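Now for the letters of each chain:
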Amino acid sequence: MILLEIYSDVKLKDSIVDMLLEEGFDDFYYLDCNKYAATSLLLSEKEQVSGRKDYGLFRIFTQEEIGRALGKKIYSHFGREEIRIIFLAGIMEF
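Presented here is an overview of the structure given in this document.

Cut-offs and rules
- Residues numbered from 1 in each chain as written.
- Predicted model: local features only at pLDDT ≥ 70, side-chain atom pairs only at ≥ 80, totals over all residues.
- Heavy atoms only, no water.
- Pairing = 2+ DSSP bridges.
- Helix = DSSP H or I, 4+ residues; strand = E, 2+ residues; numbered from the N terminus.
- Axes fitted to C-alpha atoms, helices over the stretch in contact; angles between N-to-C directions.
- Contact = heavy atoms within 4.5 Å.
- Phe/Tyr/Trp six-rings, centres within 6.5 Å; stacked < 30°, edge-to-face > 60°.
- Buried < 20%, exposed > 50% of the residue type's maximum accessible area, 1.4 Å probe, protein only.
- Lys NZ or Arg CZ within 6 Å of the ring centre and 35° of its normal.

## Side note on the sheet that holds strand β2 (residues 29-36)
Strands pair in a sheet through their backbones, by hydrogen bonds, and they do so in one of two ways: parallel or antiparallel.
Here is step 1 of the chain: Judged by pairing direction, the sheet is antiparallel, and its 4 strands sit side by side in the order β2-β3-β1-β4 without closing on themselves. Both outer strands of the open sheet, β2 and β4 (83-89), are each paired with one neighbouring strand and no more. Taken over all neighbouring pairs, the strand axes of this sheet differ in orientation by 25° on average, direction set aside.
Here is step 2 of the chain: Sheet topology places strand β1 (residues 2-9) next to β4; 7 bridges connect them, and they run antiparallel. Opposite I2, over in β4, you have A89 as the bridge partner.
Here is step 3 of the chain: Against the sheet, helix α1 (residues 13-22) engages β1, β2, β3 (52-62) and β4, with an angle of about 10° to β3.
Here is step 4 of the chain: Of the strands in this sheet, β1, β3 and β4 touch helix α3 (residues 64-78), which is tilted by about 170° from β4.

So, in structure tokens, the structure goes:
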């Protein structure tokens, strides 16, 4: 089992949820979070003042092959600019 963490700009949340549901994932988690960056990397005035950008984190527990295929599909559909995917192997449920 692996844990797939998908960090994305909050504006992509609904599109990613739709994709996950279309792919048959009906058991995943979503958390609000922030991406902190230098003000030169942030676009809106709100982001530049606070130094952070609204992001979301999806957590999906799945089999390795399924996780790899999903990660590739997400990157190919949304690109890599507003999304970062972390693949954690060797996860065991207690």
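Having seen the structure, we can now continue with the description.
## What about the packing of aromatic side chains?
Here is step 1 of the chain: Counted by the stated rule, this structure contains 3 aromatic pairs.
Here is step 2 of the chain: For the pair Y29 and F61, a centre-to-centre distance of 6.4 Å together with 85° between the ring planes defines the contact as edge-to-face. In this pair, Y29 sits in strand β2 while F61 sits in strand β3, placing the two residues 32 residues apart along the sequence.
Here is step 3 of the chain: For F61, a relative accessible area of 39% translates into the label partly exposed.
Here is step 4 of the chain: Following the ring pairs from residue to residue traces out a cluster consisting of F28, Y30 and F58.
Here is step 5 of the chain: It is R68 that lies over the ring of F87; its NZ or CZ is 4.4 Å from the centre.

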